[in-house]
Amino acid sequence: FFFFFQAEDGIRDAQESRGLGDVYKRQIYNYPEQLLADKGVMVIEHADFDGIERLAAATGAEIVSTFDNPERAEKVLGTCKLIEEIMIGEDKVIKFSGCSKREACTIVLRGASSHILDEAERSLHDALCVLVSTVKSKRVTYGGGYSEMTMAKACDDAAKSIKGKQALAIEAFGKALRQLPMIIADNGGFDAAEIVQSLKVEIEKGTPAAGIDMNNGTVGNMKELGIYECLRVKEQALNAASEAAEMILRVDDIIRCAPRRRDRA
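Residues numbered from 1 in each chain as written. Predicted model: local features only at pLDDT ≥ 70, side-chain atom pairs only at ≥ 80, totals over all residues. Heavy atoms only, no water.

## Brief notes about the overall build of the protein
Using the following cut-off: The helix and strand labels rest on DSSP assignments: H or I over at least four residues marks a helix, E over at least two residues marks a strand, and numbering proceeds from the N terminus. Between buried and exposed lies partly exposed: a residue is buried under 20% and exposed over 50% of the maximum accessible area for its type, with that area taken using a 1.4 Å probe on protein chains only. Here, two residues are considered to be in contact whenever any of their heavy atoms come within 4.5 Å of each other. In these tables, accessible area is a Shrake-Rupley quantity obtained with a 1.4 Å probe, and a residue counts as shielded only by the protein chains included in the view.
When its secondary structure is counted, the protein shows 10 helices and eight strands. A burial count over the protein gives 25% of its 265 residues as buried. In the protein, the proportion of contacts linking residues at least 24 apart, taken out of those at least 6 apart, comes to 50%. Accessible area of the protein: about 19,100 Å², with a carbon and sulfur share of 52%.

Next up, the structure:
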């Protein structure tokens, strides 16, 4: 229903073609708007182009600027089950439900303050980026702390066969990896020390896909629970953390500037 009607004949043709809505980028004058309303056609004006593109992707419509080719109506018309105006907070928005293509959607974030909204938006953006990376790479690993505990076990095994101070660095790296399952358990309000120790025992036994079950606060099977993580994101996080740790270790000293004197008037 991305048609820009300019005459009454166009409205009649639209009604015969099951056109129920008209989204327009610019202003629509009162007379054409009244003609559209008489035919039961909803009119939306001053729509931004990005929104029109997303709406076209969701409804399967084609963006057009003229009604010169009515024979293409079946190809350019989009469909959805319901169009309604709703209130979100103090703002009025147009809601399209039951879209045919479903290639785009809108996520509404609510919060008590702007800081909470910013944090929610950042978390949502990170989650979408992880999904995009997962779709592109198509390689995943088990979540719930399984990969971190497995890498920590490999670090402990490698440290036993290395002499000198390098072994201490490898052991410290493995200890840092075990902090991630601790944080996961702490965020769920569980006893992190007990769960991580139980997970460590299962990893040492060679239990496949063992991880933290956040629903029950126990060690569960990540394959059965369907908990996976993107391998590419995991690799990038480890590389970034390792580079940050190396930069901190290279700092020999910290120079602080003396505070500026403030003379009383």
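## Structural notes on the packing of helix H7 (residues 165-187) against helix H8 (residues 192-205)
The test is simple: Orientation is described by lines fitted to C-alpha atoms, with helices fitted over the stretch in contact, and by angles between N-to-C directions that extend from 0 to 180 degrees. Angle categories: roughly parallel below 35 degrees, roughly antiparallel above 145, roughly perpendicular from 65 to 115, and oblique for all the rest. Each crossing gets its hand from how the near helix is turned against the far one by less than a right angle, where anticlockwise is left-handed and clockwise is right-handed.
For the pair H7 and H8, the least separation of the axes is 9 Å and the interaxial angle reads 130°. As the angle between them shows, H7 and H8 are arranged oblique. Judged by the sense of rotation from one axis to the other, the crossing of H7 with H8 is right-handed. Of the residues in H8, those in contact with Arg178, Pro181, Met182, Ala185 and Asp186 of H7 are Ala192, Ala193, Ile195, Val196 and Lys200.

## A few points about the packing of helix H6 (residues 146-159) against H7
For any two helices packed against each other, the geometry is given by the interaxial angle and the distance between the axes. Put simply, H6 and H7 touch, their axes get as near as 8 Å, and they point 165° apart. In terms of orientation, H6 and H7 fall into the roughly antiparallel class. Every pair of crossing elements has a handedness; the one defined by H6 and H7 is left-handed. For the pair H6 and H7, contact is made by Glu148, Met149, Met151, Ala152, Lys153, Cys155, Asp156 and Ala159 and by Ala167, Ile170, Glu171, Phe173, Gly174, Leu177, Arg178, Leu180 and Pro181, respectively.

## Section: the pattern of salt bridges
Rules: When a carboxyl oxygen of Asp or Glu lies within 4 Å of a side-chain nitrogen of Lys or Arg, that pair is called a salt bridge.
Applying the stated criterion to the full structure yields six salt bridges. Arginine 122 is paired through a salt bridge with glutamate 119; the nearest N and O atoms lie 2.5 Å apart. Taken together, the positions of arginine 122 and glutamate 119, both in helix H5 (residues 114-137) and three residues apart, correspond to about one turn of that helix. Residue classification places arginine 122 among the partly exposed residues on the basis of a relative accessible area of 44%. Of the charged contacts in the structure, one is a salt bridge between lysine 153 and aspartate 157, with a shortest N-O distance of 3.2 Å.

## Quick look at the side chain of glutamate 148
Basically, it comes down to this: In the analysis that follows, any N or O atom pair within 3.5 Å is treated as a polar contact, provided that within protein one partner can donate a hydrogen and the other can accept it, and provided that, for residues neighboring in sequence, both atoms belong to side chains.
Along the chain, glutamate 148 turns up in helix H6. Within the structure, the side chain of glutamate 148 is placed 3.2 Å from the side chain of serine 147, a separation counted as a polar contact. Every residue in contact with glutamate 148, bar those within four places of it in the chain, is listed here: Leu177, Leu180, Pro181, Glu229 and Lys234.

## Some points on the pairing of strand E6 (residues 210-213)
Applied cut-off: Two strands pair under a simple rule: DSSP has to find at least two bridges between them.
By the bridge criterion, four bridges tie E6 to strand E7 (residues 218-221) in an arrangement that is antiparallel. If you follow glycine 211 over to E7, its bridge partner there is glycine 220. Linking E6 to E7, which pair antiparallel, is a turn of four residues; within it glycine 217 sits at a positive phi near 70°.

## Remarks on unusual backbone geometry
At lysine 138, a position not held by glycine, the phi torsion is positive, near 60°. Relative accessible area serves as the criterion here: at 70%, lysine 138 is assigned to the exposed category. Despite not being glycine, alanine 209 shows a phi value in the positive range, around 60°. Mapped onto the fold, alanine 209 is located in the loop between H8 and E6.

## Some words on the nonpolar core
As a reminder of what qualifies: Here, nonpolar core means buried Ala, Val, Leu, Ile, Met, Phe, Trp, Tyr and Cys residues that are tied together by side-chain atoms lying within 4.5 Å of each other.
By size, the foremost hydrophobic cluster in this structure holds nine residues: Met149, Ala185, Ala192, Ile195, Val196, Leu199, Ile203, Ala210 and Ile212. Those elements giving two or more residues to this core turn out to be H8 and E6. Considering each element in turn, this core owes the most residues, five residues, to H8. Among all residues touching alanine 192, those that are not within four sequence positions of it are Met182, Ala185 and Asp186. Leu55, Ala58, Cys80 and Cys99 belong to the second-largest nonpolar core, a separate cluster that totals six residues.

## Examining the confidence of the model for the protein
Keep in mind that low pLDDT regions are not for reading the predicted coordinates in detail. Filter applied, for reference: Scored from 0 to 100, pLDDT reflects the predictor's confidence in each residue.
Scored by pLDDT, the protein has a mean of 79; 88% of the residues are at 70 or more. A low-confidence stretch, residues 1-20 (pLDDT under 50), is modelled with 55 contacts involving residues beyond four sequence positions or located in other chains.

## Digging into the environment of valine 140
Tracing the backbone through its elements, the reader meets valine 140 in strand E5 (residues 140-142). Judged by relative accessible area, valine 140 falls into the partly exposed class, the value being 44%. Sequence spacing of valine 140 and glutamate 229 is 89 residues, and the spatial spacing of their C-alpha atoms is 5.4 Å. Discounting chain neighbours no more than four positions away, the residues touching valine 140 are Thr134, Tyr228, Glu229, Cys230 and Leu231.

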